[in-house]
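So the chains spell out like this:
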Amino acid sequence: MKKIAVFASGSGSNYEAIIEAFHSLDSQQVEVSLLVCDKPQAYVIERAQKWATPTFVISAKEYESKEAFETVILKELEKANIDFIVLAGYMRLLGSTLLQAYMGRILNIHPSLLPAFPGKDALGQALEYGVKVTGITIHFVDEGMDTGPIVLQDTVTIDLHETKTSLAQKIQKLEHQHYPATILQCVTGEIVMEERKVKWVQKSNEL
Ligand code: GRF
């Protein structure tokens, strides 16, 4: 059984989509063993209570450096024997402490077709630019802001009278549809990151 920690700062709809998908799969392969949240007021904490996910809430402002903050998180991950980190609306750039410990075992989801519109407010950036197609990207995490080898992308069209709200609904639907299955593929080693590239591994029993 592989143990996942979900990192989130906000509403947590992706966290819940992941939990629901894993429950309905009745998966013996993976479980969400920990939620790490850096915002004490975030709605994701309520969702985690409902699903009884152990939750670690930590405030960055109480630490003098990113290293000190992440060292405390890393201890929690080690205590819970976490194998894999899934970022789901975690609004911080990971630092070297977590990256060194989990490189190749961290996924992120971003609401645009990277490398277009990285960073905050990807939907606003897409609407402002006037692109007619945008989408989602699931990628392994490296040192950069929404960089890292891309595992999966999917698209939505931006209609004439699209608003940020209507676009957010389309994007979220796609995120919830793809993230759980892609996480499963990466956690079970079907998809891996090697030398900063994504590689699909053929399982020997499928040969
Ligand atoms: C998602 O759109 C994700 O792509 C981005 O942050 C958002 C989180 O939404 N990284 P939620 O908290 O999972 O509802």
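Residues numbered from 1 in each chain as written. Predicted model: local features only at pLDDT ≥ 70, side-chain atom pairs only at ≥ 80, totals over all residues. Heavy atoms only, no water.

> Mind showing me how you'd approach helix H1 (residues 13-25) here?
Residue pairs three or four apart in sequence face the same way in an α-helix, which turns once every 3.6 residues. With 13 residues, H1 should reach 18 Å at 1.5 Å per residue; the first-to-last C-alpha distance of 18 Å fits that figure. Among the residues of H1, Ser 13, Asn 14, Tyr 15, Glu 16, Ala 17, Ile 18, Ile 19 and Phe 22 are the ones counted as buried. Among the residues trailing H1, Asp 26 stands out with phi positive, at a value near 50 degrees. (Helix = DSSP H or I, 4+ residues; strand = E, 2+ residues; numbered from the N terminus. Expected span 1.5 Å × (residues − 1). Buried < 20%, exposed > 50% of the residue type's maximum accessible area, 1.4 Å probe, protein only.)

> It is not clear to me how the packing of aromatic side chains should be interpreted in this structure. Could you clarify?
Two measures describe an aromatic ring pair: the distance that separates the ring centres and the angle between the ring planes. All chains considered together, the criterion is met by 3 aromatic pairs. Here Tyr 63 and Phe 69 contribute two aromatic rings whose centre-to-centre distance is 6.0 Å and whose plane-to-plane angle is 55 degrees, an arrangement assigned as tilted. Its relative accessible area of 27% is what places Tyr 63 among the partly exposed residues. On the accessibility criterion, Phe 69 (4% relative accessible area) is buried. (Phe/Tyr/Trp six-rings, centres within 6.5 Å; stacked < 30°, edge-to-face > 60°.)

> How should I be thinking about the site of the ligand in this particular structure?
Around the ligand, a shell composed of Ser 11, Gly 12, Ser 13, Asn 14, Gly 89, Ile 109, His 110, Pro 111, Gln 172 and Glu 175 is seen. Between the ligand and Gln 172 there is a distance of 3.4 Å, counted from an oxygen atom to a side-chain nitrogen or oxygen. The side chain of Glu 175 places a nitrogen or oxygen atom 2.4 Å from an oxygen atom of the ligand. In isolation the ligand exposes 370 Å². Once the protein is present, 83% of that is buried. Breaking the shell around the ligand down by element, the ones donating at least two residues are H1, strand E5 (106-110) and helix H6 (164-187). For the shell around the ligand, the per-class residue count stands at 2 nonpolar, 7 polar and 1 charged. (Near = heavy atom within 4 Å. Polar contact = N/O pair within 3.5 Å; in protein donor to acceptor, adjacent residues only side chain to side chain. Areas by Shrake-Rupley, 256 points an atom, 1.4 Å probe, with all protein chains shown as cover. Nonpolar A, V, L, I, M, F, W, Y, C, P; charged D, E, K, R; others polar.)

> Help me understand the environment of Gly 135 in this model?
Considering the arrangement of structural elements, one finds Gly 135 in strand E6 (residues 133-140). Leave out the neighbours within four places in its chain, and Gly 135 touches His 110, Pro 111, Ser 112, Leu 113, Asp 154, Thr 155, Val 156 and Ile 171. (Contact = heavy atoms within 4.5 Å.)

> Before we go on, may I ask you to explain the environment of Leu 35 in this structure?
Relative to the elements of secondary structure, Leu 35 occurs in strand E2 (residues 30-37). The spatial distance from the C-alpha of Leu 35 to the C-alpha of Pro 118 is 24 Å, given a sequence separation of 83 residues. Those residues within four positions of Leu 35 in sequence are excluded, and the remaining contacts are Val 6, Ala 8, Tyr 15, Val 44, Ile 45, Ala 48, Thr 53, Pro 54, Thr 55 and Phe 56.

> Explain the side chain of His 110 here, please?
Inspection of the secondary structure assignment puts His 110 in strand E5. Taking relative accessible area as the criterion, His 110 reaches 4% and is therefore assigned buried. Polar side-chain contacts of His 110 include one of 3.3 Å to the side chain of Asp 146. With near-sequence residues (within four places) excluded, His 110 lies in contact with Phe 117, Pro 118, Gly 119, Ala 122, Gly 135, Ile 136, Thr 137, Asp 146 and Glu 175.

> Mind showing me how you'd approach unusual backbone geometry here?
Trans peptide bonds make up the majority, and among non-glycine residues the majority have a negative phi. Of note, the bond from Leu 114 into Pro 115 is cis; its omega dihedral lies within 30 degrees of zero at 10 degrees. Its place among the elements puts Pro 115 in the loop between E5 and helix H5 (122-129). Phi is positive for Glu 195, which is not a glycine, with a value near 45 degrees. The exposure class of Glu 195 is exposed, given its relative accessible area of 79%.

> It is not clear to me how the sheet that holds E6 should be interpreted in this structure. Could you clarify?
Hydrogen bonds between backbone atoms are what pair the strands of a sheet, whose relative direction is either parallel or antiparallel. Spatially, the 7 strands line up as an open sheet ordered E3-E2-E1-E4-E5-E6-E7, and their pairing is mixed. Edge positions in the sheet fall to strand E3 (55-57) and strand E7 (150-157), since each of these pairs with one other strand and no more. Strand-to-strand twist across the sheet, computed as the mean angle between neighbouring axes with direction ignored, equals 20 degrees. Where E5 lies against E6, 4 bridges are found, and the strand directions are antiparallel. Each bridged residue has a counterpart across the sheet, and for Ile 109 the counterpart in E6 is Ile 138. Along the sheet, H6 makes contact with strand E1 (2-8), E2, strand E4 (84-87), E5, E6 and E7, crossing E7 at roughly 160 degrees. (Pairing = 2+ DSSP bridges. Axes fitted to C-alpha atoms, helices over the stretch in contact; angles between N-to-C directions.)

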